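Observations on the three-dimensional arrangement
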Amino acid sequence: MRPTIGVLALQGDVPEHVRALESAGASVVRVRRARELDGVDGLVLPGGESTTMSRLLDVFELREPLLARLREGMPAYGSCAGMILLADRVLDGAAGQLGLGGIDMTVRRNAFGRQVDSFETALDVQGVAGGPVPATFIRAPWVEEVGEGVEVLATVGSGPATGRIVAVAQGPLMATSFHPEITGDDRVHAHFIRLVSKER
Ligand SMILES: NC(=O)CC[C@H](N)C(=O)O
């Protein structure tokens, strides 16, 4: 059976993730209300703006139900702002910025700085076969440090940020600094769908 994957649809690039997940073979549900979480096997936290998304989690009374599902082991994948939401520690966050946590890592918000505010590259991603994955970075965070249980899936291969960690996984959680959802290459989403299927 195809897994059902939710996309947190409060803010951000929701349609792009819906398209990528459907093209990679999942059934997709947009999640705005707690009850919409009930039927999903996994959840994508899209790119967008992490402070706004976090505020909307409270407005839509989704924070507690979502944390409860994460504690039960629901797989989740966060891209960019979604990565920030899944980080246990955030540097350069907005005042009072509150995430969900789950991945034992410190991320630095808007880390790439003005000159390389947005850029595209191709990255080898652990577990994703078929060669480098196109990766678009838009005011992206990077991962400054990870705890022992965190697997590094990709690092930047060239330029001023060489060696910076930009994709990680810990148990059923996965996060990327970049946006694979806007490149038309759905292998990262397929990788998440495999993770979800394994956890079911
Ligand atoms: N493209 C993105 O998701 C950008 C993330 C944004 N800079 C934030 O802090 O939330």
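Cut-offs and rules
- Residues numbered from 1 in each chain as written.
- Predicted model: local features only at pLDDT ≥ 70, side-chain atom pairs only at ≥ 80, totals over all residues.
- Heavy atoms only, no water.
- Salt bridge = Lys/Arg side-chain N within 4 Å of Asp/Glu carboxyl O.
- Helix = DSSP H or I, 4+ residues; strand = E, 2+ residues; numbered from the N terminus.
- Buried < 20%, exposed > 50% of the residue type's maximum accessible area, 1.4 Å probe, protein only.
- UniProt positions renumbered as here; feature names shortened; annotations may be inferred.
- Contact = heavy atoms within 4.5 Å.
- Polar contact = N/O pair within 3.5 Å; in protein donor to acceptor, adjacent residues only side chain to side chain.
- Near = heavy atom within 4 Å.
- Areas by Shrake-Rupley, 256 points an atom, 1.4 Å probe, with all protein chains shown as cover.

Next up on the list: the pattern of salt bridges. Enumeration over the complete set of coordinates arrives at nine salt bridges. Here R108 ties to E144 by a salt bridge, and the two come within 2.9 Å at their closest N and O atoms. Here R108 is found in strand β6 (residues 103-108), whereas its partner E144 is found in strand β9 (residues 142-146), with 36 residues between them in sequence. Judged by its relative accessible area of 24%, R108 falls in the partly exposed class. When its relative accessible area of 30% is taken as the criterion, E144 is described as partly exposed. Each of the salt bridges in this network shares a partner with another, and the network as a whole consists of R89, D104 and E145.

Here, the residues flagged by UniProt with the feature "binding site: L-glutamine" (unreviewed entry) are G48, E49, S50, R109, I138 and R139. These annotated residues cover 92 residues of sequence, and their C-alpha atoms all fall within 12.9 Å of one another, placing them together at a single site. Topologically, S50 is positioned in helix α3 (residues 50-59). With a relative accessible area of 2%, S50 lands in the buried category. Not counting chain neighbours up to four residues away, the residues in contact with S50 comprise A81, I84, L85, Q97 and R109. Using a relative accessible area of 12% as the deciding quantity, one classes R109 as buried. Here the side chain of R109 touches D92 through a polar contact of 3.4 Å, landing on its backbone oxygen.

Here the focus is the site of the ligand. Surrounding the ligand, one finds G47, G48, E49, S50, C80, A81, I84, R109, N110, I138, R139 and H179. The contact in question runs from a nitrogen atom of the ligand to an N or O atom on the backbone of I138, over 3.0 Å. At 2.9 Å from a nitrogen atom of the ligand is found a side-chain nitrogen or oxygen belonging to H179. Here the ligand loses 93% of its free accessible area of 300 Å² to cover by the protein chains.

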